[in-house]
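# Examining the three-dimensional arrangement
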Amino acid sequence: MRLLVVRDPDELATAAADIVQEVLERRPDALIVLPTGNTPLGMYGELVRRHAGGHLPTARMRVAQLDEYLGVAADDPQSLFGWMQRSALGPMGVTSDRVIRFAADAPDPTAACRAYDAAVIEAGGVDLAVLGIGRNGHLGFNEPPSGPDAPTRVVELSAESRAANAAYWSGDAVPERAVTAGMSTILGARKALLLASGSAKAEVVRRLLDEDPSPDLPASLLKHHPDATLIVDQAAYPGEGGGET
Ligand code: PGA
């Protein structure tokens, strides 16, 4: 895993957007897994600016969701898909027909997970997976422990993940379960980009850098990936002013 330490969230946004842009310039119909969360917001802002300026070729870009709350309809504004549409897809001109979504409110969510994976395979596989890291080391909603073969599936959210997402639910209870792209799908991406920003992530970044790959820290399994890059800002980088949480 390559490590790129940048100064601040703005540099992180630029560096991450550069990698997305490179992938799209090489392959305009690239299939890119995109995350929700605070960390990628700056990258989306930068990509939207580049798109608005005519510098980012998104006309054929394809996107796959990383995760979704179980039982929440895609048109529910609290769905992760709704968030993604408002923050990234709409402003980047990526239409819904180019998005592989989870049918998280389908009567049989396990079948919906299989349909997601089948759609990813049918699309030729993932060219780039952009990922945030949870404070517990999760990728998507692959909570620890999640091994490299963990499939796309229904998961119970950890208390930590539910607390981290409470801000998006304005007083409503955060769903207890979700669907997530499996570790196998994420690790199968041709290229992976992991982003970590802010002092709250310094401890998990320290573990990621220090520990051997293990299901107990799902993000660490990216160390076995042939083309993974970790971009971390100084606040999240242990020893560079990070470490205080
Ligand atoms: P964050 O979430 O970007 O909002 O910190 C990342 C994650 O929990 O995967």
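Preceding this section is the structure that the text describes.
These notes cover the structure that comes with them. Small disclaimer: the values here were computed from a predicted structure and weren't measured.

### Digging into the side chain of T39
Mapped onto the elements, T39 comes out in the loop between strand 2 (31-34) and helix 2 (41-52). Setting aside chain neighbours within four positions, we find T39 in contact with L12, L195, A196, S197 and K201.

### Looking at unusual backbone geometry
A cis amide bond links P144 with the next residue in sequence, P145, at an omega value of -5°. Residue placement: P145 occurs in the loop between strand 6 (128-132) and strand 7 (153-156).

### Comments concerning the packing of helix 1 (residues 9-26) against helix 2
Two quantities define a packed helix pair, namely the angle between the axes and the distance from one axis to the other. Interhelical geometry of helix 1 versus helix 2 gives an angle of 55° and a closest axis separation of 8 Å. Relative to helix 2, helix 1 is oriented oblique. Considering only the axes of helix 1 and helix 2, their crossing is right-handed. Of the residues in helix 2, those touching helix 1 at A13, T14, A16, A17, D18, V20 and Q21 are G42, M43, E46, L47 and R50. Residue composition of the contact of helix 1 with helix 2, by class: six nonpolar, three polar and three charged.

### Structural notes on the environment of E211
Here E211 lies in the loop between helix 7 (202-210) and strand 10 (228-233). Its relative accessible area of 30% is what places E211 among the partly exposed residues. If we skip the residues at most four places from it in the chain, E211 touches L217 and K223.

### Some thoughts on the site of the ligand
For the ligand, the full set of nearby residues is G37, N38, T39, G132, I133, G134, H138 and K201. A distance of 2.9 Å separates an oxygen atom of the ligand from a polar atom in the backbone of N38. In the environment of the ligand, an oxygen atom lies 2.5 Å from a nitrogen or oxygen atom belonging to the side chain of T39. When the free accessible area of the ligand is taken as 280 Å², the share hidden by the protein chains comes to 76%. Tallied by class, residues from the shell around the ligand come to one nonpolar, six polar and one charged.

### Comments concerning the pattern of salt bridges
Applying the stated criterion across every chain, the model contains 13 salt bridges. A salt bridge links E46 to R50; the shortest N-O distance between them is 2.9 Å. Within this pair, E46 and its partner R50 are both found in helix 2, separated by four residues, close to a single helical turn. Accessibility assignment for this pair places E46 and R50 in one class, buried. Here K191 ties to D227 by a salt bridge, and the two come within 3.2 Å at their closest N and O atoms. Here D227 lies in the loop between helix 7 and strand 10 and K191 lies in the loop between helix 6 (183-187) and strand 9 (192-196), a separation of 36 residues in the sequence. A residue is classified by how much of its surface remains accessible, and K191, at 13% relative accessible area, is buried. Linked by salt bridges that have partners in common, R27, D29, R60, D127 and R190 make up one network.

Definitions and limits used
- Residues numbered from 1 in each chain as written.
- Predicted model: local features only at pLDDT ≥ 70, side-chain atom pairs only at ≥ 80, totals over all residues.
- Heavy atoms only, no water.
- Helix = DSSP H or I, 4+ residues; strand = E, 2+ residues; numbered from the N terminus.
- Contact = heavy atoms within 4.5 Å.
- Axes fitted to C-alpha atoms, helices over the stretch in contact; angles between N-to-C directions.
- Parallel < 35°, antiparallel > 145°, perpendicular 65-115°, else oblique.
- Left-handed = near helix turned anticlockwise from the far one by under 90°.
- Nonpolar A, V, L, I, M, F, W, Y, C, P; charged D, E, K, R; others polar.
- Buried < 20%, exposed > 50% of the residue type's maximum accessible area, 1.4 Å probe, protein only.
- Near = heavy atom within 4 Å.
- Polar contact = N/O pair within 3.5 Å; in protein donor to acceptor, adjacent residues only side chain to side chain.
- Areas by Shrake-Rupley, 256 points an atom, 1.4 Å probe, with all protein chains shown as cover.
- Salt bridge = Lys/Arg side-chain N within 4 Å of Asp/Glu carboxyl O.

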